[in-house]
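# Residue-level structure breakdown
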Amino acid sequence: MTPHELINSGLLELYVSGTLPEADNVLISKMADEYSIVHEEIKRIENSIIAALENENYTISNQAKNKIFETIKVMPLNDETKIVSFNKNRNIINWAAAAMFLLLIGASIFITILSKQKNQLAVQKTQAETDNETLLSRNTFLQTAINKAANDLSILRSHDFKKIMLMPVSSNNHEMACVYWNPITHQLFVDNCGLANPGNGKTYQMWAIKNGKPINVGIFNKNMYNKGLQEFASVDVVESFAVTIENQNQATLPNLATLQVAGKI
Amino acid sequence: MIEKKQYIAPSDLINQLKAKSDLAFNYLYQNYSKALFTIIFQTLQNQELSEDVLQESFVKIWKNIDAYDSSKGTLFTWMLNICRNQAIDKTRSKLFKNNSQNQAIENNVSVFSKTENQFKPEYIGLKTLTNNLKPEYREIIDLIYYKGYTQNDAAEHLQIPLGTVKTRCRAALLELRKIFNH
């Protein structure tokens, strides 16, 4: 179909009315693109029908017009809006990720602090346990000392014990000791607080004299110096007591050279 | 605000509309709103409903301008189809039926019958056309442009050959051109 045939066919009027099938519309659009005469004819038809329509006495109220413009104004602009919206979402995600990151850092710091505190507490706990053990031990020691002191006091106060003062045997010696002996039970206690420290490698040895013969009662416990009464093995009826200073090995017999203090019952 | 007499080439107008230019929309409204409103009003015969449909149509045009394909018709034709379809959709609404019923009772005239197949020129308010065009030209313009009849439907409705529909349509438009100097 030539452009003139198309124009005279009446198809362009139907094309403008929008009532032709799509295939015909595409064909006419192509012809309009190729031939300006077809394009111009379409414009003329369109202008005529628009002019005819506008000449009718119908008017759109200003209210309706304003409503249309207001509606358009508040509508989302275009796809970019969606992109912006997506970016907003992405921003929210970024913010959330940043918040999570900060939260993780905060949590890590918090856990580290807690861990340090836990370690410190563990050390403190160990220390407290050690201190507790020390105190318990000290308490046990003190309790033992108290018990011993009470026991010693009961001996000192008891009328059942005889007190025998062991005096120095030489004028150069100022040492002394005190023996508490129960003639009935034969219990023997010695207060060594008047004896000087025997020195390294030396020890005091206790003797009971019975019928003029010395009986080895035992050596003084090194740890018991100046710590109250020391109990020795029981001895029956004796006349006197003596203390010698010996080498660490106990002597089988005392001699005058090592005799420090002595006292009769 | 762009005045109606200002001219924007269709391709530029479409590009600007796609870019969501307020000025382009203003131009569109200034140049086409009255014609489109007349199309809508011819179907609905109700000012308020017609204005609602016009608003809905412009919103649809604005939202769907990216879907417009110039290879399938002019921008005006595309908008004409949107308005016509929106108006026809509105005639199916409960509100329109209620309004029509009330109006029919008041006027004792069936306005609704205008939208049915039977052509009644007395109900199309084309005063200018009525005064200046032959009745057969008024009929063909009403059917093809206002009611959106296809050439086959129009031929069947008017009981004339298909070729006569085309030639009559062309003749009617040539008459209009004379009237409006296009």
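Residues numbered from 1 in each chain as written. Chains lettered and ligands numbered in written order. Predicted model: local features only at pLDDT ≥ 70, side-chain atom pairs only at ≥ 80, totals over all residues.

### So, the overall build of chain A
For clarity, the cut-off: For helices the rule is a DSSP run of H or I covering at least 4 residues; for strands it is a run of E covering at least 2, with both sets numbered from the N terminus onward. Three exposure classes are used. Buried residues have 20 or more other C-beta atoms within 10 Å of their own C-beta, exposed residues have 12 or fewer, and partly exposed residues fall in between, all C-beta atoms being placed from the backbone. Placing a C-beta atom from the backbone of each residue, one calls two residues in contact when those atoms lie within 7 Å.
The secondary structure content of chain A amounts to 6 helices and 8 strands. For chain A, the N- to C-terminal ordering of α and β elements is α-α-α-α-α-α-β-β-β-β-β-β-β-β. Evaluated residue by residue, chain A yields a buried proportion of 24% over its 265 residues. Taking contacts inside chain A between residues at least 6 apart in sequence as the whole, the part at least 24 apart equals 55%.

### Quick look at the overall build of chain B
What chain B contains, in helices and strands, is 9 helices and 0 strands. Taken across its 182 residues, chain B has 37% of its residues classed as buried. When contacts within chain B are restricted to residue pairs at least 6 apart in sequence, those whose partners lie at least 24 apart make up 53%.

### As for the nonpolar core
Heads up, the condition is: What we call a nonpolar core is a set of buried Ala, Val, Leu, Ile, Met, Phe, Trp, Tyr and Cys residues whose membership is set by joining through C-beta atoms within 7 Å.
Leu-12 of chain A together with Leu-36, Ile-40 and Ile-144 of chain B are the most contacted members of the largest nonpolar core, which has 59 residues in total. By residue number, the principal contributor to this core is helix α2 (residues 22-44) of chain B, which donates 13 residues. The residues contacting Leu-12 of chain A, other than those within four sequence positions of it, are Leu-6, Ile-7, Ile-28, Glu-41, Ile-42 and Ile-45 of chain A. Counting residues in hydrophobic clusters, the runner-up holds 26 residues, among them Tyr-180, Val-190, Tyr-204 and Ile-219 of chain A.

### Structural notes on the packing of helix α7 (residues 135-146) of chain B against helix α9 (residues 162-180) of chain B
Residues and elements named next belong to chain B. Definition in use: Under this scheme, a helix contributes an axis fitted over its contacting stretch, all axes are lines through C-alpha atoms, and angles between N-to-C directions fall in the 0 to 180 degree range. Here the word oblique covers every angle except those under 35 degrees (roughly parallel), over 145 (roughly antiparallel) and from 65 to 115 (roughly perpendicular). Side-chain classes are defined by residue name, with Ala, Val, Leu, Ile, Met, Phe, Trp, Tyr, Cys and Pro counting as nonpolar, Asp, Glu, Lys and Arg as charged, and the others, Gly among them, as polar.
Between α7 and α9, the shortest axis-to-axis distance is 9 Å and the interhelical angle comes to 105°. As the angle between them shows, α7 and α9 are arranged roughly perpendicular. Only Val-165, Arg-168, Cys-169, Ala-171, Ala-172 and Glu-175 of α9 make contact with α7, whose side of the interface consists of Glu-136, Tyr-137, Ile-140, Ile-141 and Ile-144. Residues that form the contact of α7 with α9 fall into these classes: 8 nonpolar, no polar and 3 charged.

### Comments concerning α2 of chain B
For an α-helix, 3.6 residues make a turn, and residues three or four places apart therefore share a direction. Residue and element names in this part refer to chain B. Keep this limit in mind: Expected helix span is given by 1.5 Å per residue-to-residue step, counting one fewer step than there are residues. A residue's bend is simply the angle between two axes: one fitted to the seven residues ending at it, one to the seven starting at it.
Counted at 1.5 Å a residue, the expected span for α2 with its 23 residues is 33 Å, but the 29 Å between its end C-alpha atoms falls short. Of all the bends found along α2, the most pronounced is centred on Tyr-32 and spans about 55°. Along α2, 19 of the 23 residues are buried, which leaves the element largely enclosed by surrounding structure. A positive backbone phi angle near 55° is found at Gln-45, which sits one or two residues after α2.

### Examining the packing of helix α1 (residues 10-18) of chain B against α2 of chain B
Residues and elements named next belong to chain B. Selection rule: The handedness criterion is simple: a crossing whose near helix is rotated anticlockwise from the far helix by less than a right angle is left-handed, and one whose near helix is rotated clockwise is right-handed.
For the pair α1 and α2, the least separation of the axes is 8 Å and the interaxial angle reads 125°. Taken together, α1 and α2 sit at an angle that is classed as oblique. The handedness of the crossing between α1 and α2 is left-handed. Judged by residue contacts, Leu-13, Gln-16 and Leu-17 of α1 engage Ala-24, Phe-25, Tyr-27 and Leu-28 from α2. Counted by class, the contact of α1 with α2 contains 6 nonpolar, 1 polar and no charged residues.

### Regarding the interface of chain A and chain B
At the interface, 40 residues of chain A touch 45 residues of chain B. For the side of chain A that touches chain B, the secondary-structure elements that each account for two or more residues are α2 (11-17), α3 (22-34), α4 (36-54) and α5 (62-74) of chain A. Of all the elements, α4 of chain A adds the most residues to the side of chain A that touches chain B, at 12 residues. Residue classes in the side of chain A that touches chain B are distributed as 19 nonpolar, 14 polar and 7 charged.

### Details of the sheet that holds strand β8 (residues 259-264) of chain A
The pairing of strands in a sheet comes from backbone hydrogen bonds and takes either a parallel or an antiparallel form. All names here are of chain A. Put simply, the rule is: Being paired, for any two strands, means DSSP has found at least two bridges between them.
Strand order in the open sheet formed by 8 strands is β5-β4-β7-β8-β1-β2-β3-β6, and the pairing between neighbours is antiparallel. Both outer strands of the open sheet, β5 (213-219) and β6 (229-232), are each paired with one neighbouring strand and no more. With direction set aside, neighbouring strand axes in the sheet form an average angle of 25°. In this sheet, strand β7 (residues 240-247) lies alongside strand β4 (residues 202-210) in antiparallel orientation, the contact comprising 8 bridges.

### Quick word on the confidence of the model for chain B
Our working definition: What pLDDT reports is the predictor's confidence in each residue, on a scale of 0 through 100.
Confidence in the prediction for chain B averages 79 pLDDT; 75% of positions are at 70 or higher. Overall fold confidence for the complex sits at a pTM of 0.53, while the interface term, ipTM, reaches 0.81.

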